[in-house]
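Okay, here's what each chain looks like letter by letter:
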Amino acid sequence: MIHPSFSTHQIGDYLVTALSDGTMSASLDLLSGIETAEAAAIQHNAQIAESGTIHINGYLIQGRGRVILVDAGAGGLNHVGGQLKANLDAIGIRPDDVDTVLLTHGHPDHIGGLLDAEGQPVFKQAELHLHPLEAQYWQDDEVFKVVNERGQRNFNLARRMLDAYARQVRLFDEGEISEGILPVWLPGHTPGHTGFRITSGEECLLIWGDIVHFPHIQSARPEVSIAFDCDPRQAEETRKKILAQVAKEKLLIAGMHLDRAGFAHVLNAGQGYCIVYREYK
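Treat the numbers as computed from the prediction; the structure is a model and nothing was measured.

### Focus on the UniProt feature "domain: Metallo-beta-lactamase" (unreviewed entry) in the chain
Link 1 in the chain: UniProt records the feature "domain: Metallo-beta-lactamase" (unreviewed entry) at residues 55-257, using the numbering of this structure.
Link 2 in the chain: The distance from the first to the last C-alpha atom of residues 55-257 is 5 Å, and the span holds 32% helix and 23% strand.

In structure tokens, the structure reads:
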């Protein structure tokens, strides 16, 4: 069922709905490769009222008898986000209706909504799919030892999540998750950071995860990285590659830090690109 309050896209048999989990604050000082004043000017020119506010989205894919959730938002952890479950309720989806959760990666604003206040799975009937390198990364004790205190909190959350869903975890291979839905490895932000390409005939939608956090800044200046990137150089290479590809192929994209419109196109603009949001409908 299409709900008028949400942005949706029909591609073949699948209805994809953008579900906001809310917003989080992130200073422009977290960006590297650009002066803060220039970053602020790009935000201002894009009519972003609060330059340090980042949207958090998840996506629901319904069709072919499947109910698939892509990422689960922050879940209200540290007073960030927490709206996704209510938005699922608003479109008539209960947690037990979800048969599959696809994870782009394991950062808190993508997995926080997977656990309830007691640390138990919210989506008890769902298989949890993620890239094998992502599972390996969050379970790596050597990496855990060298990250800062905030990073260790992130590791502990990811480990609690993986433990809670242990019997339901499935690791990606190169095959389809469901007919027409393929994982796309997009490393750099995390080692196993993954997007999902949905194809029907000649039409394609790419849910690209965290290719950008500040969409207008990092499309105009693809070399700009954010402090959350595990490997900034690899993240930059991936970002440049995927921006060029989606602009050339005229793909519709969806991303966890696009605004509430949820869907956009990428156009060539000077030495970089620009994000053009699809009309909200």
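### Some words on the pairing of strand S15 (residues 272-277)
Link 1 in the chain: Where strand S14 (residues 263-269) and S15 come together, 6 bridges link them in antiparallel fashion. If you follow Ala269 over to S15, its bridge partner there is Gly272.
Link 2 in the chain: Remark: 2 residues form the turn of the hairpin made by S14 and S15, two consecutive strands paired antiparallel; Gly270 in that turn has positive phi of roughly 65°.

### Comments concerning the pairing of strand S4 (residues 53-63)
Link 1 in the chain: Here S4 lies mainly inside the structure; 9 of its 11 residues are buried.
Link 2 in the chain: Of the pairings in the sheet, the one linking S4 to strand S5 (residues 66-70) comprises 5 bridges and is antiparallel in character. Within S5, the position partnered with Gln62 by the bridge is Val67.
Link 3 in the chain: Taken together, S4 and the strand that follows it, S5, pair antiparallel across an intervening segment of 2 residues, in which Arg64 is found at a positive phi of about 55°.

### Here we look at the side chain of Asp229
Link 1 in the chain: Checked against the element boundaries, Asp229 lands in the loop between strand S12 (225-226) and helix H8 (232-249).
Link 2 in the chain: A polar side-chain atom of Asp229 sits 2.7 Å from a polar atom in the side chain of His189.
Link 3 in the chain: Residues in contact with Asp229, not counting those within four places in the same chain, are Gly188, His189, Ala235 and Arg239.

### A closer look at H8
Link 1 in the chain: The first and last C-alpha atoms of H8 sit 25 Å apart over 18 residues, in line with the 26 Å expected at 1.5 Å per residue.
Link 2 in the chain: Considered for burial, the residues of H8 that qualify are Ala235, Thr238, Arg239, Ile242, Leu243, Val246 and Ala247. With its buried residues spanning 150° around the axis, H8 presents them on a single face. Opposite the packed face of H8, turned more than 90 degrees from it, sit the exposed residues Arg233, Glu237, Lys241 and Lys248.
Link 3 in the chain: Two residues or fewer past H8, Lys250 is found with a positive phi of approximately 55°.

### Topic: the sheet that holds strand S8 (residues 169-171)
Pairing between sheet strands relies on hydrogen bonds along the backbone, with the strands arranged either parallel or antiparallel.
Link 1 in the chain: One open sheet accounts for 7 strands, arranged S1-S2-S4-S5-S6-S7-S8; its pairing is mixed. What marks the edges here is a single partner per strand, and that holds for strand S1 (8-11) and S8. Neighbour to neighbour, the strand axes of the sheet diverge by 25° on average, direction disregarded.
Link 2 in the chain: The pairing of strand S2 (residues 14-25) with S4 spans 10 bridges and is classified as antiparallel. Its bridge partner lying in S4, Ser20 is registered against Asn57.

### Observations concerning the environment of Gln83
Link 1 in the chain: The topology assignment puts Gln83 in the loop between S5 and helix H2 (84-90).
Link 2 in the chain: The sequence separation of Gln83 and Gly22 amounts to 61 residues, and the corresponding C-alpha distance is 5.8 Å.
Link 3 in the chain: Ignoring anything within four residues of it in the chain, the contact list for Gln83 reads Ser20, Asp21, Gly22 and Arg260.

The rules behind the values
- Residues numbered from 1 in each chain as written.
- Predicted model: local features only at pLDDT ≥ 70, side-chain atom pairs only at ≥ 80, totals over all residues.
- Heavy atoms only, no water.
- UniProt positions renumbered as here; feature names shortened; annotations may be inferred.
- Helix = DSSP H or I, 4+ residues; strand = E, 2+ residues; numbered from the N terminus.
- Pairing = 2+ DSSP bridges.
- Buried < 20%, exposed > 50% of the residue type's maximum accessible area, 1.4 Å probe, protein only.
- Polar contact = N/O pair within 3.5 Å; in protein donor to acceptor, adjacent residues only side chain to side chain.
- Contact = heavy atoms within 4.5 Å.
- Expected span 1.5 Å × (residues − 1).
- Arc of directions from axis to C-beta.
- Axes fitted to C-alpha atoms, helices over the stretch in contact; angles between N-to-C directions.

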